[in-house]
Amino acid sequence: MIEGIIGKKIGMTQILNEKGEALPITIIQAGPCVVVQKRVAEKDGYSCVQIGLVENRTVKGVTKAMKGHFEKHGITQPIRVLREMRIAQGGEVNEGAEFKVDFFEETKMVDVIGVTKGKGFQGVIKRHGFHGGRITHGSMFHRAPGSSGANTYPGEVKKGKKLPGHAGTARKTIKNLRVEKIIKEENLILVRGAVPGPNGGVVIVRKSDFK
Amino acid sequence: MNAIVEKLEKSMLRTDIPVFKPGDTIKVHVRVKEGEKERTQLYEGIVIARRASGMRETITVRRNSYGIGVERVFPLNSAVVEKIDVLRRGRARRAKLFFLRELSGKKARIKEIK
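All values reported here derive from a predicted model rather than from experimental measurement.

A.B. asks: Provide a residue-level description of the domain arrangement of chain A, including the pertinent values.
C.D. replies: Partitioning chain A into domains gives domain 1 (4-118 + 175-207) and domain 2 (123-167). Computed from C-alpha coordinates alone, the two centres of domain 1 of chain A and domain 2 of chain A are separated by 39 Å.

A.B. asks: Would you mind going over helix α1 (residues 3-11) of chain B in detail, with residue names and values included?
C.D. replies: Buried within α1 of chain B are the following residues: I4, V5, L8 and E9 of chain B. Projected onto a plane normal to the axis of α1 of chain B, the buried residues spread over an arc of 130° and lie on a single side. Turned more than 90 degrees off the buried face of α1 of chain B, the exposed positions are A3, K7, K10 and S11 of chain B. Residues of α1 of chain B that are buried sit in contact with β1 (4-16), β2 (22-30), β10 (171-183) and β11 (188-192) of chain A. The distance from a side-chain oxygen at the start of α1 of chain B to the backbone nitrogen of I4 of chain B is 2.7 Å, and the residue carrying that oxygen is N2 of chain B.

A.B. asks: Quick rundown of the interface of chain A and chain B? Include the residues and the values.
C.D. replies: Contacts between the two partners involve 17 residues from chain A and, on the opposite side, 14 residues from chain B. Approximately 1,200 Å² of surface area, both sides summed, lies buried where chain A meets chain B, with 66% of it carried by carbon and sulfur atoms. Scanning the region where chain A abuts chain B turns up one salt bridge. Between K7 of chain B and E186 of chain A there is a salt bridge, and its shortest N-O distance comes to 3.2 Å. On inspection of chain A and its partner chain B, the count reaches six residue pairs in polar contact (both at pLDDT 80 or more). Contributions of two or more residues to the side of chain A that touches chain B are made by β1, β2 and β11 of chain A. With six residues, β1 of chain A is the largest single contributor of residues to the side of chain A that touches chain B. Among the residues making up the side of chain A that touches chain B, the classes are represented as nine nonpolar, five polar and three charged.

A.B. asks: Any details on the sheet that holds strand β12 (residues 202-207) of chain A? Residues and values, ideally.
C.D. replies: A barrel is described by the order of its strands in space; here six strands give the closed sequence β1-β2-β11-β10-β7-β12 (chain A), paired in antiparallel fashion. For this sheet, the mean angle separating the axes of adjacent strands, direction not counted, is 50°. Across four bridges, β10 of chain A lies against β11 of chain A in antiparallel orientation. Looking at β11 of chain A, one finds that V179 of chain A is bridged to V191 of chain A. Relative to β1 of chain A, α1 of chain B is tilted by about 45°, and along the sheet it contacts β1, β2, β10 and β11 of chain A.

Rules and cut-offs
Residues numbered from 1 in each chain as written. Chains lettered and ligands numbered in written order. Predicted model: local features only at pLDDT ≥ 70, side-chain atom pairs only at ≥ 80, totals over all residues. Heavy atoms only, no water. Domains from an automatic or database assignment. Buried < 20%, exposed > 50% of the residue type's maximum accessible area, 1.4 Å probe, protein only. Helix = DSSP H or I, 4+ residues; strand = E, 2+ residues; numbered from the N terminus. Arc of directions from axis to C-beta. Contact = heavy atoms within 4.5 Å. Polar contact = N/O pair within 3.5 Å; in protein donor to acceptor, adjacent residues only side chain to side chain. Buried area = accessible area lost by both parts, 1.4 Å probe. Salt bridge = Lys/Arg side-chain N within 4 Å of Asp/Glu carboxyl O. Nonpolar A, V, L, I, M, F, W, Y, C, P; charged D, E, K, R; others polar. Pairing = 2+ DSSP bridges. Axes fitted to C-alpha atoms, helices over the stretch in contact; angles between N-to-C directions.

If you want it as structure tokens, here you go:
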């Protein structure tokens with residue numbers, strides 16, 4: 001068994017539960033994924049598997065080198081999205097093995113890893129959650145970063161000081177999202193809450209270690 | 001909207017809701033949970049608005065309870081609504097009957113269509 005599989009964020013909506021409450025959910029199309037290659041400690045320095053997302057569309061732009069890689073491991077269809085995934089403890093996986101959304105059948109909680117939407121160059125309020133100053137009442141301090149440190153001591157701006165800069169497009173893990181529903185026919189998993197990235201973005205869904 | 005999202009939302013729509021419009025008088029069977037027990041409460045009033053569409057559609061039902069105007073909003077497709085009975089069809093010339101809030105007594109009536 002592996003720790004998780006690759007999926008695609010479809011979008012958010014609501015579902016109604018049997019109590020009549022509306023729950024915010026994200027739809028993720030998880031899998032089908034195929035194990036392309038096994039990496040072993042002796043040769044690669046660590047052990048994991050490389051899995052690929054099998055998409056129901058024509059896949060273009062796969063290089064010859066990658067085609068050779070797939071051929072070598074007996075994968076007939078070209079794959080665009082490849083990720084490495086650790087093997088779950090005490091588990092055994094073989095090349096060519098396929099994982100679908102039923103992988104999560106007994107799972108209550110999952111972690112979802114994705115790349116957040118790019119926000120461009122942002123100030124300190126959006127980027128780091130600073131509070132900013134008053135807008136009115138004579139205040140002349142609105143959204144500026146404020147002081148960057150003391151004077152003679154330390155005499156420098158400390159490394160890691162939160163300043164304006166590029167925000168977003170960062171890999172983020174959202175832990176412990178409740179699995180609300182699984183629709184096997186279409187490989188959909190509905191998780192409660194939001195997930196990083198745009199609709200159509202690639203995410204990794206893995207079983208959470210929440211007990 | 002994405003086709004998959006649309007399909008999922010469609011699958012949650014209820015088919016047992018009768019046809020009614022703003023101005024109609026309806027009786028809503030509301031599921032209430034009191035501690036462990038669950039029972040059905042009846043709420044009767046005039047539909048003064050239908051809002052949104054699909055699985056998010058809600059209705060606003062107004063009634064006069066011991067001299068005090070009460071409005072409740074029900075999500076139409078939610079399990080909170082057990083059943084809806086249409087009691088009377090009313091003639092309304094607009095979609096939102098918010099003007100009823102300003103009226104009381106005999107003026108706050110809606111003509112019935114036979």
